[in-house]
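# Results of the structural survey
One letter stands for each residue in the lines below.
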Amino acid sequence: MARQDAEYDFDRYRKLLAEAVDETKRLELIDIVIKEGARDKLETQRTSDRLAMTAATVARVLGPLGTAR
């Protein structure tokens, strides 16, 4: 049931919520929301790490600013 897209699909969540008429379906919906939220946070952290590594590499290649070469 988990979706691989990183985008939020509000229509999908609305449909799942409407279908959550018993305890099992409600627990499945909660599980989906938790898993997808954790995935989104992990992707955000990975993006942040990539940007930090890129900035460090650029700084290392360019060297200290203001010094003559």
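Residues numbered from 1 in each chain as written. Predicted model: local features only at pLDDT ≥ 70, side-chain atom pairs only at ≥ 80, totals over all residues. Heavy atoms only, no water.

## A look at the nonpolar core
Inside soluble globular proteins, nonpolar side chains tend to come together where they are buried. Put simply, the test is: Put simply, buried Ala, Val, Leu, Ile, Met, Phe, Trp, Tyr and Cys residues joined by side-chain atoms within 4.5 Å make one nonpolar core. Exposure is judged per residue with a 1.4 Å probe applied to protein chains only, and the accessible area is read against the type maximum: over 50% gives exposed, under 20% gives buried, and values in between give partly exposed. The helix and strand labels rest on DSSP assignments: H or I over at least four residues marks a helix, E over at least two residues marks a strand, and numbering proceeds from the N terminus. Here, residues are in contact when the closest pair of their heavy atoms is within 4.5 Å.
Ranked by size, the top nonpolar core spans five residues in total: Tyr 13, Leu 16, Ala 20, Leu 29 and Ile 32. Among the secondary structure elements, those contributing two or more residues to this core are helix H1 (10-19) and helix H2 (23-62). Excluding residues that lie within four positions of it along the chain, Leu 29 makes contacts with Leu 16, Leu 17 and Ala 20.

## A look at the packing of aromatic side chains
Quick reminder of the rule: Each Phe, Tyr or Trp ring (for Trp, its six-membered ring) is paired with any other whose centre lies within 6.5 Å, and the angle between the two planes then decides the class: stacked below 30 degrees, edge-to-face above 60, tilted in between. Sitting over a ring, as applied to charges here, requires NZ of Lys or CZ of Arg to be within 6 Å of the ring centre and within 35 degrees of the ring normal.
Applying the stated criterion across every chain yields a total of zero aromatic pairs. When the ring centre of Tyr 13 is taken as reference, the NZ or CZ atom of Arg 12 above it lies at 5.3 Å.

## Some details on H1
To keep it simple, the criterion reads: Directions drawn from the helix axis to the C-beta atoms are what define this arc.
Residues of H1 that are buried: Arg 12, Tyr 13 and Leu 16. The arc enclosing the buried residues of H1, seen along the axis, measures out at 95°, which places them on a common side. The exposed set on the far side of H1, more than 90 degrees from its buried face, consists of Phe 10, Asp 11, Arg 14, Lys 15, Leu 17 and Ala 18. Tucked into the core, H1 has its buried residues touching H2.

## Concerning the packing of H1 against H2
Counted only if it meets this: Fitted lines through C-alpha atoms give the axes, limited to the stretch in contact for helices. The angle between two N-to-C directions lies from 0 to 180 degrees. In these notes the angle categories are as follows: under 35 degrees is roughly parallel, over 145 is roughly antiparallel, 65 to 115 is roughly perpendicular, and the rest is oblique. For this scheme, ten residues count as nonpolar: Ala, Val, Leu, Ile, Met, Phe, Trp, Tyr, Cys and Pro. Four count as charged, namely Asp, Glu, Lys and Arg, and the remainder, Gly too, count as polar.
Here H1 crosses H2 at 155°, and the two axes come no closer than 8 Å. Taken together, H1 and H2 sit at an angle that is classed as roughly antiparallel. The segment H1 lies against H2, with Arg 12, Tyr 13, Leu 16, Leu 17 and Glu 19 engaging Lys 25, Leu 29, Ile 32, Val 33 and Glu 36. Of the residues that constitute the contact of H1 with H2, the class distribution is six nonpolar, no polar and four charged.

## Looking at the pattern of salt bridges
The condition that has to hold: Between Lys or Arg on one side and Asp or Glu on the other, a salt bridge is scored when a side-chain nitrogen of the former is within 4 Å of a carboxyl oxygen of the latter.
Summed over all chains, the structure comprises seven salt bridges. In this structure, the salt-bridge partner of Arg 39 is Asp 40, at a minimum N-O distance of 3.5 Å. Note that Glu 43 and Arg 50 form a salt bridge whose closest N and O atoms lie 3.5 Å from each other.

## Description of a nonpolar patch on the surface
Selection rule: Only residues above 30% relative accessible area that lack a salt bridge enter a patch, with like-charged residues linked at up to 9 Å and the nonpolar side chains Val, Leu, Ile, Met, Phe, Trp and Tyr linked at up to 5 Å. Residue-level accessible areas treat just the shown protein chains as cover; the underlying method is Shrake-Rupley with a 1.4 Å probe.
A cluster of nonpolar side chains, Leu 27, Ile 30 and Ile 34, forms an exposed patch at the surface whose accessible area comes to about 300 Å². Turning to its location among the elements, Ile 34 is positioned in helix H2.

That's the geometry; what it means functionally is another story.
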